[in-house]
Amino acid sequence: MPEILENFAGAWQPKIIVPEVAFSELEEKLNVKIEERMVRLEEVFNERLAAVVAESSLSASKLQQQPISEAILNEFKRDVFSYATDLVNKKECTVVCPSPPPSVMSIPACDRSGCDDMDMLVAAAINKYDADKTGKPDLALESAGGSIVSTRCTKKSDYVGSMLTIWNIPIWYPSNNPRKAIQPGTMPGDCWSFDGAEGYLVIKLVGPTRVTGFTLEHLSKAISPLGHIKSAPRRFQVVGLLDYNNPSAEFLFGEYEYLDNENPVQYFQVQNSAETFYPYVELKILSNHGSIEFTCLYRFRVHGYLESWTKLLS
């Protein structure tokens, strides 16, 4: 008898996904309800088993191999599913119903109220990731027309990432080029590195731009071979330039801090807005997250509106 009930209990089990805060409470209530129904099911089964044995010559061992009454089975399913649905509606969680075994009657369709909004959020997140992880045009991107015009007095680091060797003899390795900062790609070592914690990067944008914000991206800590991102920029400033050879006329968009957290792609809105369309932007890195040897810049994006766009709209 216990084996039959165990097999039945494992044959159909609704899976409930709830917010973390309410999970333990819902799980406890549902387990109590299921236990009560299983006890009642066992009592009914034993009563009917005893009645059949008394009225027939069949052995109890043979009866125990027969399926449980379909009426009892369906009653149990309806009660458990109804109770789980009530909990879901109260806690605004989602019920995921696995397909029942062929021998089990179909259960009521799952209530998907509230699921459409969740589907829309998931789709929006995927679309944003596909759109260069930001959903905003990058007006510094090299393939779109951006370029590096100067690194000022920044000293290039001797740090070498990947290297091609033959019999342990170095043959080729990627150049440590500041262009990396305006190209896609954030695999380990695929960056522009410079000595110390301070560095400068002057970027010619796709065209004169009314700047609205910036995105700084570093290697994700999850795929860092060292398990940390100490070489990531920390404090930095961004300025707009009409002439990159005349930094005295720069316009300060703001000073920011790149945080060491679980989000490798961080967006920063301009603190000081300007109506001027700037053809150049300079990134000034003032510190990093602890590396005393070098700093790595993986990707820097500039967002805003091109002057040519506004002319077309007007």
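These numbers were taken from a predicted model, which means no experiment stands behind them. (Residues numbered from 1 in each chain as written. Predicted model: local features only at pLDDT ≥ 70, side-chain atom pairs only at ≥ 80, totals over all residues. Heavy atoms only, no water.)

Focus: the overall build of the chain
Step number 1: Within the chain, the secondary structure is distributed over six helices and 13 strands.
Step number 2: Looking at the chain as a whole, 36% of its 314 residues qualify as buried.
Step number 3: When the accessible surface of the chain is split by element, carbon and sulfur atoms take 54% of a total near 18600 Å². (Helix = DSSP H or I, 4+ residues; strand = E, 2+ residues; numbered from the N terminus. Buried < 20%, exposed > 50% of the residue type's maximum accessible area, 1.4 Å probe, protein only. Areas by Shrake-Rupley, 256 points an atom, 1.4 Å probe, with all protein chains shown as cover.)

Remarks on the nonpolar core
Step number 1: Ranked by internal contacts, the top residues of the largest apolar core, which has 28 residues, are Phe214, Val238, Phe253 and Val281.
Step number 2: For this core, the secondary structure elements donating two or more residues are β6 (192-195), β7 (199-217), β8 (235-241), β9 (251-257), β11 (278-285) and β13 (299-306).
Step number 3: Here this core gets six residues from one element, more than from any other, and that element is β7.
Step number 4: When residues no more than four places from it in sequence are discounted, the contact partners of phenylalanine 253 are Val211, Phe214, Val238, Val239, Gly240, Val270, Gln271, Asn272, Ala274, Tyr278 and Val281.
Step number 5: Formed by five residues, the second largest nonpolar core is a distinct cluster that contains Cys191, Leu219, Phe294 and Cys296. (Core = buried A, V, L, I, M, F, W, Y, C linked by side-chain atoms within 4.5 Å. Contact = heavy atoms within 4.5 Å.)

Notes on the side chain of glutamate 217
Step number 1: Here glutamate 217 shows up in strand β7.
Step number 2: Glutamate 217 gets classed as buried once you look at its relative accessible area, which sits at 3%.
Step number 3: Among the polar contacts listed, one links the side chain of glutamate 217 to the side chain of lysine 133, at a separation of 2.7 Å.
Step number 4: Beyond its immediate chain neighbours, meaning those up to four positions away, glutamate 217 contacts Lys133, Thr186, Tyr258, Pro264, Val265, Tyr298, Arg299 and Arg301. (Polar contact = N/O pair within 3.5 Å; in protein donor to acceptor, adjacent residues only side chain to side chain.)

Observations concerning the environment of valine 211
Step number 1: Along the chain, valine 211 turns up in strand β7.
Step number 2: Residues valine 211 and tyrosine 278, spaced 67 residues apart in sequence, show a C-alpha to C-alpha distance of 7.6 Å.
Step number 3: Excluding residues that lie within four positions of it along the chain, valine 211 makes contacts with Phe253, Val270, Val281, Val302, His303 and Gly304.

Details of the packing of aromatic side chains
Step number 1: On inspection of all chains with the given rule, the structure shows eleven aromatic pairs.
Step number 2: An angle of 20° between the planes, with centres 6.1 Å apart, marks the rings of phenylalanine 251 and tyrosine 278 as stacked. One end of the pair, phenylalanine 251, is in strand β9; the other, tyrosine 278, is in strand β11, with 27 residues separating them in the sequence.
Step number 3: When its relative accessible area of 7% is taken as the criterion, tyrosine 278 is described as buried.
Step number 4: For the pair tyrosine 256 and phenylalanine 268, a centre-to-centre distance of 5.4 Å together with 50° between the ring planes defines the contact as tilted. Taken together, the positions of tyrosine 256 in strand β9 and phenylalanine 268 in strand β10 (residues 265-269) put the pair twelve residues apart, joining distant regions of the chain. Phenylalanine 268 carries the same exposure label as tyrosine 256, and that label is buried.
Step number 5: One aromatic cluster is present, built from ring pairs that chain together Phe214, Phe236, Phe251, Phe253, Tyr256, Phe268, Tyr278 and Phe300.
Step number 6: Here the guanidinium or amino end of lysine 136 rests over the ring plane of tyrosine 267, the centre of that ring lying 4.5 Å away. (Phe/Tyr/Trp six-rings, centres within 6.5 Å; stacked < 30°, edge-to-face > 60°. Lys NZ or Arg CZ within 6 Å of the ring centre and 35° of its normal.)

What to know about the side chain of threonine 209
Step number 1: Secondary-structure assignment places threonine 209 in strand β7.
Step number 2: Once residues lying within four places of it in the same chain are set aside, the contact partners of threonine 209 are Leu139, Thr276, Phe277, Tyr278, Gly304, Tyr305 and Leu306.

Looking at unusual backbone geometry
Step number 1: Here the phi dihedral of lysine 133 falls at roughly 65°; this positive angle occurs in a residue that is not glycine.
Step number 2: Note on placement: lysine 133 falls in the loop between α5 (115-130) and β3 (147-150).
Step number 3: For lysine 133, a relative accessible area of 27% puts it in the partly exposed group.
Step number 4: Of note in the backbone geometry, arginine 152 takes a positive phi value of approximately 55° without being a glycine.
Step number 5: Position of arginine 152 among the secondary structure elements: in the loop between β3 and β4 (164-166).
Step number 6: Given a relative accessible area of 30%, arginine 152 falls into the partly exposed group.

Some details on the environment of serine 273
Step number 1: For serine 273, the position within the fold is in the loop between β10 and β11.
Step number 2: Using a relative accessible area of 62% as the deciding quantity, one classes serine 273 as exposed.

Brief notes about the confidence of the model for the chain
Step number 1: Here the chain averages 76 in pLDDT, and 59% of its residues register 70 or above.
Step number 2: pLDDT under 50 marks residues 4-22. Its contacts with residues more than four places away, or in other chains, come to 42 contacts.
Step number 3: With pLDDT under 50 throughout, residues 57-68 is counted as low confidence; its partners more than four residues away or in other chains account for twelve contacts. (pLDDT = per-residue confidence, 0-100.)

Describing the state of the cysteines
Step number 1: All chains considered together, the criterion is met by zero disulfides.
Step number 2: In this structure cysteine 191 is a free cysteine whose sulfur lies 3.1 Å from that of cysteine 296, the closest cysteine sulfur available. (Disulfide = S-S within 2.5 Å.)

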